[in-house]
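Analysis of the macromolecular model
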Amino acid sequence: QVGSLPNSNWWEPEVRFSDCEFVGNAGGALLVGNDAWVTAERCRIVANTGTTVAQWGEFGLLRLVDSTLIGSSGGPAFVNTAEMQVVGCVITGHDTAGAPLMSGGWDGTLGCLPPYTQVSNSILWDNAGVLPGSTAVESSCVQGGFAGTGNIGADPLFVRAPSPGPDGSWGTQDDDLGDLRLA
């Protein structure tokens, strides 16, 4: 468990996390500001409260690559006027009413401000919200379908879908992170 990252400094704008876990953090798992370029690759980001991954700053970039984001009581990813790229990720089981991937102002605006959010080769399934229409999505499985080249809306048929357990809350002892292999 790594925990939350303090704001990065403008003189060290590139931060990379590889092969790590962000599990059970209160207030978010990976929170980065000051226009940093952040990459989380092959990470497990699960059962956190608050926005799971957030980046803010006018010129920043948040890249989620080959990572798994499972079950949080806040949105899985948010960027504020920065760019977000999601490649080869599974994002599932988030119970927030907002969009599973958001770009825009903290005032709840779901419209993407330039630059924007790009998703490719990913699975977004069983999340409470919907993607903003301005998100660019390709070659992905999105619950309910989504316009874009190579997208599908068919159930990915996980061996066992994640569940917050009988209490209905992520980040508690009864969480079931599921088995995300495809049946």
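Scroll up for the structure.
The notes below deal with the structure included here. Going along each chain's sequence as written, the residues are numbered from 1 onward. Where local features are concerned, this predicted model is filtered to residues with pLDDT of at least 70; where side-chain atom pairs are given and counted, the filter is 80 or more; whole-chain, interface and lining totals use all residues. Computation of side-chain values covers all heavy atoms of the structure but excludes hydrogens and water.

1. As for the overall build of the protein
Basically, it comes down to this: Note on conventions: DSSP H or I runs of at least 4 residues are helices, E runs of at least 2 residues are strands, and numbering of each starts at the N terminus. Burial here depends on accessible area, computed with a 1.4 Å probe over protein chains only, as a share of the maximum for the residue type. Under 20% is buried, over 50% is exposed, and the range in between is partly exposed. Contacts: residue pairs with any heavy atoms within 4.5 Å of one another. Values of accessible area rely on a 1.4 Å probe in the Shrake-Rupley scheme; residue burial ignores everything except the protein chains shown.
Scanning the protein from terminus to terminus reveals zero helices and 18 strands. A burial count over the protein gives 48% of its 183 residues as buried. Of all intrachain contacts in the protein linking residues separated by at least 6 positions in sequence, the fraction that spans at least 24 positions is 44%. Accessible area for the protein stands at about 8300 Å²; split by element, carbon and sulfur atoms hold 54% of it.

2. Remarks on the nonpolar core
Put simply, the rule is: In this description, a nonpolar core means a group of buried Ala, Val, Leu, Ile, Met, Phe, Trp, Tyr and Cys residues linked to one another through side-chain atoms lying within 4.5 Å.
Residues Phe22 and Leu64 are the most contacted members of the largest nonpolar core, which totals 23 residues. When residues of this core are traced back to their parent elements, those giving at least two are strand S4 (37–41), strand S7 (61–65) and strand S10 (83–87). Ranked by size, the runner-up nonpolar core spans five residues in total, among them Ile123, Trp125, Cys141 and Phe158.

3. Considering the packing of aromatic side chains
Using the following cut-off: Each aromatic pair joins two rings of Phe, Tyr and Trp (for Trp, the six-membered one) with centres within 6.5 Å, and gets the label stacked for planes under 30 degrees apart, edge-to-face for over 60, and tilted for any other angle.
A complete count under the given rule lists one aromatic pair for this structure. Here the aromatic rings of Phe17 and Phe22 are separated by 5.6 Å at their centres, their planes lie at 75°, and the arrangement is edge-to-face. Comparing Phe17 with Phe22 shows no difference in burial state: the two are buried.

4. Examining the pairing of strand S8 (residues 68–72)
Heads up, the condition is: Two strands make a pair as long as DSSP finds a minimum of two bridges between them.
Of all the five residues making up S8, five are buried; the element is thus mostly covered by neighbouring parts of the structure. The pairing of strand S5 (residues 44–48) with S8 spans four bridges and is classified as parallel. What sits directly across from Arg44, in S8, is Thr68. As paired strands, S8 and strand S11 (residues 90–92) are joined by three bridges and run parallel to one another.

5. A look at the pairing of strand S13 (residues 117–120)
Pairing geometry for S10 and S13, over four bridges, is parallel. Its bridge partner being in S13, Val87 is matched across the sheet by Ser120. Pairing analysis gives three bridges linking S13 to strand S15 (residues 136–138), with the strands arranged parallel. Note on S15: the bridge partner recorded for Ser120 is Glu138.

6. Section: the side chain of Ser122
So the rule is basically this: Identification of polar contacts relies on pairs of N or O atoms within 3.5 Å, with a donor-acceptor requirement for protein atoms, meaning one able to donate a hydrogen and the other able to accept it, and with residues adjacent in sequence counted only if both atoms are side-chain atoms.
Here Ser122 is to be found in the loop between S13 and strand S14 (123–125). A polar contact is formed between the side chain of Ser122 and the backbone nitrogen of Gly88, at a distance of 3.2 Å. Excluding residues that lie within four positions of it along the chain, Ser122 makes contacts with Val86, Val87, Gly88, Cys89, Ser139, Ser140 and Cys141.

7. Some points on the environment of Gly178
Within the element layout of this structure, Gly178 appears in the loop between strand S17 (158–160) and strand S18 (179–182). Here the alpha-carbon distance between Gly178 and Val159, two residues 19 residues apart in the chain, equals 7.7 Å. If we ignore the near neighbours within four places in the chain, the residues touching Gly178 are Arg160, Ala161 and Pro162.

8. Some words on the pattern of salt bridges
The test is simple: What makes a salt bridge here is a side-chain nitrogen of Lys or Arg within 4 Å of a carboxyl oxygen of Asp or Glu, nothing more.
Applying the stated criterion across every chain yields a total of six salt bridges. Asp179 is the partner of Arg181 in a salt bridge, and the nearest nitrogen-oxygen pair spans 2.7 Å. Its relative accessible area of 16% is what places Asp179 among the buried residues. Put simply, Arg16, Asp19, Glu41 and Arg42 are held in one network by salt bridges that share partners.

9. A closer look at the sheet that holds S14
Spatially, S2-S5-S8-S11-S14-S16 is the arrangement adopted by the six strands of the open sheet, whose pairing is parallel. This sheet does not close on itself; its edge strands, each paired only once, are strand S2 (21–23) and strand S16 (141–142). Relative to S5, S2 runs parallel, the two being bridged by three bridges. The residue of S5 that forms the bridge with Val23 is Val46.

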